[in-house]
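Here are the chains, one letter per residue:
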Amino acid sequence: MSIDPNYLRANQGFRLADGGRIDRGDPLIFSFAGRRLMGYRGDTLASALLANGVRIVGRSFKYARPRGIVCAGVEEPNAILQIGGREETQTPNVRATEQPLIDGMVTRPVNGWPNADADLMSIFGSLGGALMTPGFYYKTFMFPASRWESYEWFIRRAAGLGKSSKLPDPDRYDHMNHHVDVLVVGAGPTGLAAALAASESGKRVLLIDERSEAGGSLLWSGDADKYAWGEAIDAMLPMQWVANAVRRLDANPQVARLTHTTVTGYHDHNFLTAWERRDDTCAFSGSDTVPGTRQRLHKIRAASVVLATGAHERPLVFANNDLPGCMTASAVSEYIRRYAVIPGNRLVVMTANDGGYRAAFDWKQAGREVVAVIDPRHDPDSSAIQQAREAGITVLTGSALVEARGRKGVTGALVAPINKLATFVTGDTRLLACDTIATSGGWSPAVHLSCHTGSRPVWDDAAIGFVPGPTTERRYAGGSLLGHHALAQCLADGTEIGAQACSVYSDEQREGSIAASVPQVQSSNTTEAAPMALFAVPHPKPSSRAPKQFVDFQNDVTAAGIEQSTREGFESIEHVKRYNALGFGTDQGKTGNVNGMAIVARALGKTLPEVGTTVFRPNYTPVTMGAVGGAHVRELFDPERYTPMHRWHVKAGAEFENVGQWKRPWYYPQGNESMSEAIAREQLATRNGVGILDASTLGKIDIRGPDAREFLARVYTNSWAKLAPGRCRYGLMCGEDGMVMDDGVTACLADDHFHMTTTTGGAAHVLSWLELWQQTEWPELDIFFTSVTDQWATISIAGPNSRALLDELTDDIDLSAEAFGFMDFRTGHVAGIAARVFRISFTGDLSYEINVPAHHGQTVWDALFNCGERYGLTPYGTETMHVLRAEKGFIIVGQDTDGSVTPYDLDHGWAVAGNKPFSFIGKRGMQRSDCTREERKQLVGLKCSDPNTVIPEGAQAVRDPAQPIPMSMVGHVTSSYYSAFLGRSIAMGVIKGGLKRKGEKVYFPLADGRTLEATLCDPVFLDPEGARGKV
Amino acid sequence: MFLIHCPYCGEDREEEEFHAAGEAHIARPLDPDACSDEEWGNYLYFRRNPRGLHRELWVHVAGCGKYFNIARDTASYQIHGSYRIGERFTWSDAEDSAAP
Ligand SMILES: [Zn+2]
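This structure is a prediction, so every number in the text was calculated from the model and none was measured. (Residues numbered from 1 in each chain as written. Chains lettered and ligands numbered in written order. Predicted model: local features only at pLDDT ≥ 70, side-chain atom pairs only at ≥ 80, totals over all residues. Heavy atoms only, no water.)

> Got a sec to walk through the pairing of strand β4 (residues 53-59) of chain B? Specific residues and values, please.
All names here are of chain B. For β4, the buried fraction is high: seven of the seven residues fall into the buried class. Looking at chain direction, strand β3 (residues 19-23) and β4 are connected through three bridges and run antiparallel. Residue His19 lies in a different strand from β4, and its bridge partner there is Val59. (Buried < 20%, exposed > 50% of the residue type's maximum accessible area, 1.4 Å probe, protein only. Helix = DSSP H or I, 4+ residues; strand = E, 2+ residues; numbered from the N terminus. Pairing = 2+ DSSP bridges.)

And the structure:
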């Protein structure tokens, strides 16, 4: 259905005829809650909504009260919308005040169902006063479960701000690293002045601002020609000065500038993260995804950081202050000046400082009625007040706006005289008819980033706010962040800290850069009246009886709720915050925290700094998971490691198992084979003929140096003194605590040259471990380690036919049992490729491990298959490998051990040489009294009484199956398989005192109700004499 | 994210290139077999874990592979120096009285 654009244009009843930084020639059509609306390029979603007279943008979280737009920037608590043109691009939690309007954008409120205007939740909300008290969630969770279920439906519907798509995100995100001399956060007057000063030093400068254009507060303040409160910088209109500054910065090749980018985290050593919204057009409008980066996460390391993050205006807390139409004073100005949007027709301003008068001037300039400015100060005098009176604006001093009136929006303001301390109402109230209320309680410096590295903000009485505390980082702050709100002061601050930020290099540069000139301000605002520290406005009734006075809009925290929690005994601000969920919304309480603390202070009779401080943590604003993940998604989420023969395994139809980052063939199903059928086939083929395993993932470390042998003797538990070149030995590696850490076979290539193998998963750790000891304890040992895991392809052939098969492919290695015995190692050629061949076995059968340079791995693998058919050569994967080794009682470190198992617990005392001259690593540890206890868990075989039942791995053992719960657990199963070759199930496990208890029974009560019975036995189930391997 | 100076590479590098390896200067007893269980337990498990000045062992695992020490404030996270194995690092006398 096409819609007449003229109709949509005319619908913008709150758009001013001229002015604003919008392009009326570029209309954008968007939808809100199913309604088609029009705005212009340059609008934010919020300004476009206001232009169309949309006052209600959502329902509140607990009470389902209608809520409207309050602010014009990042601090907005209410206008949090769901945006997305398609299911897969649904984005929750977007602040309409920060989101540029996009043609075709599809938006809707998140908290109102079925719609924000008429909400079922309001039924619930009307019960809210009694039902949803402070600590509601904590108290609810303490109710009986049956009560909880009745709440759950409501809470699930209400909780959270929108929903994420469950489909894969089609857009592209990435990360970018920056290394700069000076990072300037904030491109308002302070940040621009700082960037200009810093850029003159020739240093690398990065300037970041969250808005779509530079200027900060100048985007809505200080226009000398048109407004009563006029300012000029260096004889230019403020925005002309901004444009000029931006031009100078952009012309400097050492300066980079990011807009629409929020610095979200300030981490240690001046590492900051910034989230850039580059192009949300496709995602939010529903058009097809185009190539390009939607959002980018910048990772910035800066020699020094300039924080010019400004301040957020605090709305005042009064009764019904959440009615749509209640806004901050600066937001009213910003909508009028920047977007040419007038939020209503009749305005009442309440301000505790001169700055709030701007809203009245702007409103009047736009040709609408200013009903009154309510000023709580008694007899204040300043340029702003004089100008207001001269302009015919009614100014009521010593008064307060105590209550807003209206149902779905403001229709009136209740005003009353108050005492000098603004603690109580001194006279009768009067009702002023109006549709918009603008308030200013002062400005809270945006200290968020300054807190992230642990610095606590400090209260500043002059600023009436928290300012950044001391830090060890090279960090500079200025402007409104320090409570310096005068434009001239901001520019002076910025120039000074911009120069200081460069001066970390040398004194010479400091002198050079301080010469940078401070921009000069001309202002008609010559005298200022001191601002008043007002947070919560008094009401004729106590706050528990008055209409709700909201402090934190996102979590519906009220002044009465905070006061009640102090009556319930909460005194620490940290407890009060958590109990009320004050500041726990996605806005982190940017508008509500200080007001909340002030109410706590009032209730406890303390000063604000006595109550405490408020600390913010990363992130400053929510960041999308897409930006966090960047390009690290799908196949790039985690690196995958492939062996040289990987493609062959894929072609052979292997199922793969993840072992660390390695992809290892798990088993090779043929046809419709089940996993257990495949494993039985692979196992029998290996035991009866010959099987082939890709063992390339085994860790391999090349060890060289005259002290290599001595070093091995120190890090392994067994003896290495007599291992001759051409021989291999199995070794156990322990930690200093005596617990098994890794195992593997090491070959002696020469007296000063060894080839160590480690477990697949332990390779990196073992190399670090060896380096640790060599570098920090025994630097006198002359030895080098080189990881060669990826340099060698390792092919293991196992089974009675393995010798005959290998014999076909080598003519320079004598494979006879006499010439090449068990645990021997030979060099020669296999399939014409230079190879190291180890006669070692992880199956108990005759077996060879062929190592060839990785890029020849596939050649040798293929050659084995070329002549393998007549020997029944069968590929097997890790699962069959596990069964084969378990039949022989061979352990897998990390499966049969868990860091609490000594070699003696494994009955591997044979691998410990206690008489070595050097007290090897782990020796003293395994002799500690606890390690020699008799009732330690020890590795034994387990034969299930039902040979067809495989006991689940991890099953807990008990001695007495009739013992009532809680039962005494005596160990658990570590490895358990069905052995097709033995025709029965086999298992290993660690059982208390197991080595002495072979023949005894243990029981495994399972979660499914069965109890299995098993007999402790020797873990070698097959060929205990070892005859099969020594042929 | 720390910025760590590797005394072997001579460069400030990102923390992700390094691994922490615990408290520095924990010497292995020269004759472990002569240690009591308690002495051995102290060597194995007991660390100072101070709030404040601390010497730590790190390894430039994604760089030169070398172990080295840093002197770091565990409260402010400031790194006061990086130095090679076998070297010593001292803070000013006043500061160092807090360290062992
Ligand atoms: Zn290094």
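> Before we move on, could you go through the interface of chain A and chain B and cite the residues and values that matter?
On the side of chain B, 26 residues touch chain A, which itself brings 26 residues to the contact. Together, the buried faces of chain A and chain B total about 2,300 Å²; carbon and sulfur atoms form 47% of this surface. Applying the counting rule to chain A against chain B returns four salt bridges. For the salt bridge of Asp33 of chain B with Lys923 of chain A, the shortest nitrogen-to-oxygen distance reads 3.0 Å. At the junction of chain A and chain B, the tally comes to 21 residue pairs in polar contact (both at pLDDT 80 or more). The element best represented in the side of chain A that touches chain B is helix α23 (residues 763-777) of chain A, accounting for seven residues. Here the residues of the side of chain A that touches chain B sort into six nonpolar, 11 polar and nine charged. (Contact = heavy atoms within 4.5 Å. Buried area = accessible area lost by both parts, 1.4 Å probe. Salt bridge = Lys/Arg side-chain N within 4 Å of Asp/Glu carboxyl O. Polar contact = N/O pair within 3.5 Å; in protein donor to acceptor, adjacent residues only side chain to side chain. Nonpolar A, V, L, I, M, F, W, Y, C, P; charged D, E, K, R; others polar.)

> Please provide a residue-by-residue account of the sheet that holds strand β35 (residues 728-734) of chain A, values included.
All names here are of chain A. Within the open sheet, the five strands sit side by side as β35-β36-β37-β34-β38. Their pairing is antiparallel. With partners counted over all chains shown, the strands left at the sheet margins are β35 and β38 (784-787), one partner each. Here the average twist between neighbouring strands, direction ignored, is 30°. Summarising the sheet, strand β34 (residues 699-704) and β38 pair through four bridges and their orientation is antiparallel. Bridging across to β38, Arg704 finds its partner in Phe784. This element, helix α22 (residues 708-715), spans β34, β35, β36 (740-750), β37 (753-758) and β38 of the sheet and lies at about 30° to β37. (Axes fitted to C-alpha atoms, helices over the stretch in contact; angles between N-to-C directions.)

> Can you explain the coordination of the zinc ion? Please cite residues and give values.
Donor atoms from the polypeptide that coordinate the zinc ion comprise Cys6 of chain B (SG), Cys9 of chain B (SG), His60 of chain B (ND1) and Cys64 of chain B (SG), at 2.0 to 2.3 Å from the metal. Metal-centred angles of 104 to 116° between the four donor atoms at the zinc ion mark the site as tetrahedral. (Donors = N, O, S within 2.8 Å, 3.2 Å for Na, K, Ca; no water. Tetrahedral: all angles 85-135°; square planar, octahedral: opposite > 155°, others 65-115°.)

> Pulling in residues and values, what's your account of the sheet that holds strand β1 (residues 23-32) of chain A?
Residue and element names in this part refer to chain A. Spatially, the five strands line up as an open sheet ordered β2-β1-β7-β5-β6, and their pairing is mixed. Each having just a single partner strand, β2 (35-41) and β6 (91-95) make up the two edges of the open sheet. Across this sheet, the average inter-strand angle for adjacent strands is 40°, counted without regard to direction. Relative to β6, strand β5 (residues 80-83) is paired through three bridges, and the arrangement is antiparallel. Paired with Leu81 across the bridge in β6 is Val94.

> Got a sec to walk through the side chain of Thr810 of chain A? Specific residues and values, please.
All names here are of chain A. Along the polypeptide, Thr810 turns up in the loop between α24 (802-807) and β40 (825-830). Classification of Thr810 as buried rests on a relative accessible area of 8%. Here Ile813 takes part through its backbone nitrogen, which lies 3.4 Å from a polar atom of the side chain of Thr810. Contact partners of Thr810, with chain neighbours within four places excluded, come to Leu815 and His829.

> How would you sum up the packing of aromatic side chains? Please name residues and give values.
Summed over the entire model, instances satisfying the criterion amount to 25 aromatic pairs over all chains. With a centroid separation of 5.4 Å and 65° between ring planes, the pair formed by Trp666 of chain A and Tyr667 of chain A is classed as edge-to-face. Over the aromatic face of Tyr77 of chain B sits the side chain of Arg72 of chain B, whose NZ or CZ is 5.3 Å from the ring centroid. (Phe/Tyr/Trp six-rings, centres within 6.5 Å; stacked < 30°, edge-to-face > 60°. Lys NZ or Arg CZ within 6 Å of the ring centre and 35° of its normal.)

> Could you give an account of the domain arrangement of chain A, naming the residues involved and the relevant values?
It is common to give the size of an interface as the accessible area that goes away when the parts come together. Residue and element names in this part refer to chain A. Segmenting chain A into domains produces domain 1 (5-159), domain 2 (172-311 + 445-504), domain 3 (315-441 + 530-539) and domain 4 (542-604). The gap between the C-alpha centroids of domain 2 and domain 3 is 30 Å. Counting residues at the interface gives 15 residues for domain 2, matched by 17 residues for domain 3. Taken together, the two surfaces of domain 2 and domain 3 that pack against each other cover about 1,500 Å², and 60% of this comes from carbon and sulfur. Applying the counting rule to domain 2 against domain 3 returns one salt bridge. Across the contact surface, domain 2 and domain 3 share three residue pairs in polar contact (both at pLDDT 80 or more). Looking at side-chain class alone, the side of domain 2 that touches domain 3 contains seven nonpolar, three polar and five charged residues. (Domains from an automatic or database assignment.)

> I'd like to hear about the side chain of His908 of chain A, residue by residue, with values.
Along the chain, His908 of chain A falls in the loop between α26 (878-887) and α27 (923-926). Discounting residues that sit within four places of it in the chain, His908 of chain A has contacts with Tyr730, Leu732, Ile891 and Pro903 of chain A.

> Let's hear about the packing of helix α6 (residues 189-199) of chain A against helix α13 (residues 487-502) of chain A: which residues, and what values?
Residues and elements named next belong to chain A. Two elements in contact, α6 and α13, have axes whose closest approach is 7 Å; the angle formed by their N-to-C orientations is 35°. In this structure, α6 crosses over α13, and the sense of that crossing is right-handed. The residues of α13 that touch α6, namely those facing Pro189, Thr190, Ala193, Ala194, Ala197 and Ala198, are Leu487, Cys490, Leu491, Asp493, Gly494, Thr495, Ile497, Gly498, Ala499 and Cys502. (Left-handed = near helix turned anticlockwise from the far one by under 90°.)

> Describe the pattern of salt bridges, listing the residues and the values that go with them.
Residue and element names in this part refer to chain A. Scanning the model with the defined rule gives 54 salt bridges over all chains in all. Between Asp322 and Arg67 there is a salt bridge, and its shortest N-O distance comes to 2.9 Å. Placement of Asp322 in the loop between β15 (311-313) and β16 (326-328) and of Arg67 in strand β4 (residues 66-67) is noted, with a sequence separation of 255 residues between them. Take Asp322 and Arg67: they sit in the same class, and that class is buried.

> Give a detailed account of helix α17 (residues 593-604) of chain A, specifying residues and quantitative values.
All names here are of chain A. Taking 1.5 Å as the rise per residue, α17 with 12 residues should run 16 Å; its terminal C-alpha atoms sit 17 Å apart, in good agreement. Judged by how many residues are buried, α17 sits mostly within the fold: nine of 12 residues are covered. Turning to α17, its buried residues are Asn593, Val594, Asn595, Gly596, Met597, Ala598, Ile599, Val600 and Ala601. Phi for Gly605, located one or two positions after α17, is positive at around 65°. (Expected span 1.5 Å × (residues − 1).)

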